[in-house]
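Structural overview for review
The chain contents come next:
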Amino acid sequence: DQQVKQNSPSLSVQEGRISILNCDYTNSMFDYFLWYKKYPAEGPTFLISISSIKDKNEDGRFTVFLNKSAKHLSLHIVPSQPGDSAVYFCAASANAGGTSYGKLTFGQGTILTVHP
Amino acid sequence: SAVISQKPSRDICQRGTSLTIQCQVDSQVTMMFWYRQQPGQSLTLIATANQGSEATYESGFVIDKFPISRPNLTFSTLTVSNMSPEDSSIYLCSVETTGMGGANVLTFGAGSRLTVL
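These numbers come from a predicted model, not from an experiment. (Residues numbered from 1 in each chain as written. Chains lettered and ligands numbered in written order. Predicted model: local features only at pLDDT ≥ 70, side-chain atom pairs only at ≥ 80, totals over all residues. Heavy atoms only, no water.)

Regarding the pairing of strand 1 (residues 4-7) of chain B
Residue and element names in this part refer to chain B. Across the two faces of strand 1 the burial differs, with Ile4 and Gln6 buried and Ser5 and Lys7 not buried at all. Pairing of strand 1 with strand 3 (residues 19-25) involves four bridges; the strand directions are antiparallel. The residue bridging serine 5 from the neighbouring strand is glutamine 24, located in strand 3. (Buried < 20%, exposed > 50% of the residue type's maximum accessible area, 1.4 Å probe, protein only. Helix = DSSP H or I, 4+ residues; strand = E, 2+ residues; numbered from the N terminus. Pairing = 2+ DSSP bridges.)

Quick look at the structure:
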């Protein structure tokens, strides 16, 4: 049972436009959510996170929105740059203090391509 | 954040053999975590390695197949035993570090890509 789902395997956007990556979850115990970015031949790198007590968290060009009632979160990248082209993973844990002793549940990832 | 080095970065292995992956962290950490990413799939936690005690395995993973060592606070190994093509994956080592707002996040190594023929 896939508790965290990223239903779009890929997304293509033009440089300067907004990229919106979506993530749905089913486990109501999840209360901490993270986005990771992964380049080829590298490990995933932490991008941004949000606790369930918030509905929005912003860090520069990256904003994560959380809709608890819909069990949905999204990552907005504005403006998108070619260097943002990577695989983006959504992850969740059932511990608002962080990663619940290393146990994160990941989505399948979305390949973002930003065209110049 | 921590710097994690993994070896090998990639390998091609024959069915039935075993391979040991090494993970070195540049600082002392209590727990190290081993994840697997099968082709086209999400990352899945295999086990947690604590220094001085047995590793804790997640459902679906067993010690006989994935023995783990944790000899000190900066190093761990994961062995993939008696490999089959289904073990072809990227294996990732990770540790907890402090992220935004003081909450913990996971920092990952670059991964070890294994192909089993």
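Details of the sheet that holds strand 1 (residues 4-5) of chain A
Residues and elements named next belong to chain A. The strand order across the open sheet formed by five strands is 1-3-8-7-6, and the pairing between neighbours is antiparallel. Both outer strands of the open sheet, strand 1 and strand 6 (56-59), are each paired with one neighbouring strand and no more. Pairing of strand 7 (residues 62-67) with strand 8 (residues 72-77), which is carried by six bridges, proceeds in the antiparallel orientation. By the bridge assignment for strand 8, asparagine 67 is matched with histidine 72.

Comments concerning the interface of chain A and chain B
At the junction of the two partners, chain A supplies 26 residues and chain B supplies 21 residues. Where chain A abuts chain B, roughly 1,700 Å² becomes buried across the two surfaces, and 60% of that area is made up of carbon and sulfur atoms. The interface formed by chain A and chain B contains one salt bridge. For Lys103(A), the salt bridge identified is with Glu58(B), shortest N-O distance 2.7 Å. Taken together, chain A and chain B are joined by three residue pairs in polar contact (both at pLDDT 80 or more). Of all the secondary-structure elements, those providing two or more residues to the side of chain A that touches chain B are strand 4 (32-38), strand 5 (45-51) and strand 6 of chain A. Broken down by element, the residue count for the side of chain A that touches chain B peaks at four residues, all from strand 4 of chain A. Of the residues in the side of chain A that touches chain B, the class split is 11 nonpolar, 11 polar and four charged. (Contact = heavy atoms within 4.5 Å. Buried area = accessible area lost by both parts, 1.4 Å probe. Salt bridge = Lys/Arg side-chain N within 4 Å of Asp/Glu carboxyl O. Polar contact = N/O pair within 3.5 Å; in protein donor to acceptor, adjacent residues only side chain to side chain. Nonpolar A, V, L, I, M, F, W, Y, C, P; charged D, E, K, R; others polar.)

Comments concerning the nonpolar core
Residues Val25(B), Trp34(B), Ile46(B), Phe66(B), Ile68(B), Leu78(B) and Tyr91(B) are the most contacted members of the largest nonpolar core, which totals 26 residues. Element by element, the count of residues in this core is highest for strand 3 of chain B, at four residues. With near-sequence residues (within four places) excluded, Val25(B) lies in contact with Ala2(B), Val3(B), Ile4(B), Met32(B), Thr74(B) and Val95(B). Among the nonpolar cores identified, the runner-up in size contains 23 residues, and Tyr25(A), Trp35(A), Leu73(A) and Ile77(A) belong to it. (Core = buried A, V, L, I, M, F, W, Y, C linked by side-chain atoms within 4.5 Å.)

Details of the sheet that holds strand 7 (residues 68-72) of chain B
All names here are of chain B. Judged by pairing direction, the sheet is antiparallel, and its four strands sit side by side in the order 1-3-8-7 without closing on themselves. Edge strands, defined here as strands with exactly one partner in the open sheet, are strand 1 and strand 7. In this sheet, adjacent strand axes meet at a mean angle of 15° when their direction is disregarded. Judged from the six bridges that link them, strand 3 and strand 8 (residues 75-80) form a sheet pairing that is antiparallel. By the bridge assignment for strand 8, threonine 20 is matched with threonine 79. (Axes fitted to C-alpha atoms, helices over the stretch in contact; angles between N-to-C directions.)

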